[in-house]
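Next come the chains, spelled out residue by residue.
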Amino acid sequence: ADIDRECATTGQLQIPIGMKYSNDSVGQRLHSYRNATGAIIHAWHSRSWAMHMFQIEKHDREENRFDFTRGSGSQGGRNWCRCDQCPDARPWCGQNKDNDDNDTRLLGGDWIIENVMEELDAPGEFYFDPVTLDLYVVLNETIPTDPAQSLSSIMDDLDFRFAVVETLIRIENNHHNEEIEISDLGFRDVLPTYMGLWQAPSGGDWALHRGGAVFLENSTSVRIEGNRFHRLDGNAVFLSRRNRNTTIARNVFEWIGENAVATWGDTDAFDGATREDFPMETYIIGNMMREIGIFQKQSSAVALAKSARTTVKHNLIWNLPRAGINFNDGMGGGDVVEENLLFNTCRESGDHGPINSWDRQPFLTRLRYGHPSFTPETRVIAKNFLIANYGSDQAVDNDDGSSYFHVHHNVWYDSGGVKCDWG
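Analysis parameters
Residues numbered from 1 in each chain as written. Predicted model: local features only at pLDDT ≥ 70, side-chain atom pairs only at ≥ 80, totals over all residues. Heavy atoms only, no water. Helix = DSSP H or I, 4+ residues; strand = E, 2+ residues; numbered from the N terminus. Rg over C-alpha atoms; globule rule 2.2 N^0.38 Å. Buried < 20%, exposed > 50% of the residue type's maximum accessible area, 1.4 Å probe, protein only. Contact = heavy atoms within 4.5 Å. Areas by Shrake-Rupley, 256 points an atom, 1.4 Å probe, with all protein chains shown as cover. Salt bridge = Lys/Arg side-chain N within 4 Å of Asp/Glu carboxyl O. Pairing = 2+ DSSP bridges. Axes fitted to C-alpha atoms, helices over the stretch in contact; angles between N-to-C directions. 1 Å grid on protein atoms, 1.4 Å probe; cavity = no way out; pocket = protein on both sides within 12 Å on 5 of 7 lines; lining within 4 Å. Points joined across faces, edges and corners; volume = space filled by probe spheres on them. Nonpolar A, V, L, I, M, F, W, Y, C, P; charged D, E, K, R; others polar. Phe/Tyr/Trp six-rings, centres within 6.5 Å; stacked < 30°, edge-to-face > 60°. Lys NZ or Arg CZ within 6 Å of the ring centre and 35° of its normal. Patch = residues over 30% accessible without salt bridge, like charges linked within 9 Å, V, L, I, M, F, W, Y side chains within 5 Å.

Along its length, the protein chain carries four helices and 31 strands. A compact globule built from 423 residues should have a C-alpha radius of gyration of about 22 Å, and the protein chain, at 23 Å, falls within 12% of that. Each of the three principal axes of the protein chain carries a C-alpha extent, and together these read 70 × 60 × 40 Å. Looking at the protein chain as a whole, 52% of its 423 residues qualify as buried. Put simply, 71% of the contacts in the protein chain that link residues at least 6 apart link residues at least 24 apart. By element, 50% of the accessible surface of the protein chain is carried by carbon and sulfur atoms, the whole surface being about 19,600 Å².

What follows is the structure, encoded as structure tokens:
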């Protein structure tokens with residue numbers, strides 16, 4: 001938080017604009033790339049708080065450096081730390097072994113690179129050449145290997161599917177209170193959106209892309225029930241701005257690139273009371289949510305930003321890189337999280353728990369008293385079974401100013417309990 005405060009004061013955004021590599025074996029491999037332009041580097045924040053994606057605009061071989069496209073790396077809500085700002089990070093990041101307090105390099109975490117021809121070396125991988133428009137694919141072992149069978153006949157039997165849209169159903173401005181039901185459908189194959197427009201919705205750690213396979217904006221009484229959301233590379237269901245009485249029940253979410261269900265309302269700076277342009281009275285009940293956050297690791301089964309009075313109940317949530325349920329802010333309150341089972345969360349990160357919250361930014365609403373107030377309604381987290389294995393620190397991580405939570409009658413296993421940090 002001190003780093004973000006310093007950046008806000010100076011007006012400097014601390015996000016990498018490039019990457020230098022050394023002359024070790026990894027660096028030599030990077031140096032050998034014939035054309036890295038357009039490749040994408042996925043890099044962890046040094047504290048494993050988010051995954052940032054950077055597109056390479058230029059490869060300077062003389063300087064052993066990749067220059068990133070302007071605007072890349074906006075997928076997280078926190079600034080990166082410099083070596084001279086975070087001395088406690090030096091031992092485990094490995095970038096500063098000389099204890100130099102004038103080292104202004106940004107600390108990063110683990111990273112991977114995609115869309116490079118030289119890394120096309122495993123079944124299922126592909127590379128698209130934007131110049132020649134050729135697509136290269138490494139076929140998997142299910143392809144016949146009979147030498148008498150020609151390559152053209154093999155290719156004739158292949159089924160290639162290319163996603164061309166990020167939204168399959170979009171509902172906007174149904175102001176006449178008609179009920180809309182989306183049920184018993186299968187959703188899959190939408191575009192990845194991690195290189196699209198991302199913004200920080202509020203004072204938590206997260207950034208979001210405002211989009212999803214099912215996208216609701218300014219809607220009323222929409223019911224999403226009994227569907228299967230499978231192999232979607234962005235968000236599955238997204239509630240944008242004002243939505244009322246939305247039910248998301250008995251669906252299966254699996255292999256989702258970002259969040260299974262995400263909400264993001266709008267405010268006039270801190271004022272959410274005047275327009276109430278945010279999701280409210282949302283019911284997320286009885287869903288099965290697994291393998292979430294395949295691409296953007298700062299993702300959850302339920303990600304709530306600038307919304308209120310959300311009920312999350314009877315859901316089965318497992319196998320995620322971060323928290324299963326995340327509150328990005330404390331706006332409005334009135335949420336109920338009850339009788340859910342969460343396990344195998346935080347599998348690729350730390351400083352988190354199966355349920356996580358932040359509340360660094362106060363918002364004005366009318367929900368608690370019926371008139372504008374910065375005091376939210378109480379949030380209830382009760383009767384949940386929370387297994388805080390992998391990188392979880394606590395079962396419930398009420399972090400950085402989180403207030404007005406009533407946490408009671410939960411079962412916690414392999415857990416440090418509940419964290420109440422500055423709230």
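More follows now that the structure is in view.
What follows deals with the pattern of salt bridges. Opposite charge on two side chains permits pairing when their charged atoms draw close. The final tally for this structure, using the stated rule, is 30 salt bridges. Between Arg275 and Asp268 there is a salt bridge, and its shortest N-O distance comes to 3.1 Å. Given a relative accessible area of 37%, Asp268 falls into the partly exposed group. Among the salt bridges present, the one from Arg290 reaches Glu291, with a minimum N-O distance of 2.6 Å. With relative accessibility at 22%, the residue Arg290 sits in the partly exposed group. Several salt bridges share partner residues, and in doing so they unite Arg228, Glu254, Arg290, Glu291 and Arg347 into one network.

Our next topic: the sheet that holds strand β4 (residues 65–68). Strand order in the open sheet formed by five strands is β1-β4-β3-β2-β5, and the pairing between neighbours is antiparallel. With partners counted over all chains shown, the strands left at the sheet margins are β1 (18–20) and β5 (108–114), one partner each. Put simply, the sheet's adjacent strands are angled 35 degrees from each other on average, direction ignored. Both β1 and β4 contribute to a ladder of three bridges, which runs antiparallel. Counted as the bridge partner of Gly18 is Asp67 from β4.

Approximately 2,000 Å³ is the volume found for the largest pocket. Along the walls of the largest pocket sit 48 residues, with Glu114, Gly124, Phe126, Asp233 and Phe295 positioned nearest its centre. Contributing elements (two or more residues each) for the lining of the largest pocket: β2 (40–45), β3 (51–60), β5, β6 (126–128), β7 (135–137) and β13 (228–232). Here the residues of the lining of the largest pocket are counted per class, giving 27 nonpolar, ten polar and eleven charged.

Using the criterion set out here, one finds twelve aromatic pairs in the structure. Through a chain of ring-to-ring contacts, the aromatic side chains of Phe54, Phe68 and Trp80 assemble into a single cluster. Against the face of Trp264 rests Arg210, its NZ or CZ located 3.9 Å from the ring centre.

Turning next to the sheet that holds strand β10 (residues 186–187). Read from one edge of the open sheet, eight strands run β10-β13-β15-β18-β21-β24-β27-β30, paired in parallel fashion. Edge strands, defined here as strands with exactly one partner in the open sheet, are β10 and β30 (411–413). Relative to β30, strand β27 (residues 385–387) runs parallel, the two sharing three bridges. Along β30, the bridge assignment pairs Phe385 with Val411.

Together, Phe126, Phe128, Leu133, Leu135, Val137, Leu139, Met155, Phe160, Phe162, Val164, Val165 and Leu168 make up a nonpolar patch on the protein surface, roughly 1,100 Å² of accessible area in all. Secondary structure elements with two or more residues in the nonpolar patch: β6 and β7. Structurally, the position occupied by Leu168 is in the loop between α4 (151–157) and β8 (169–172). For Leu168, a relative accessible area of 38% puts it in the partly exposed group.

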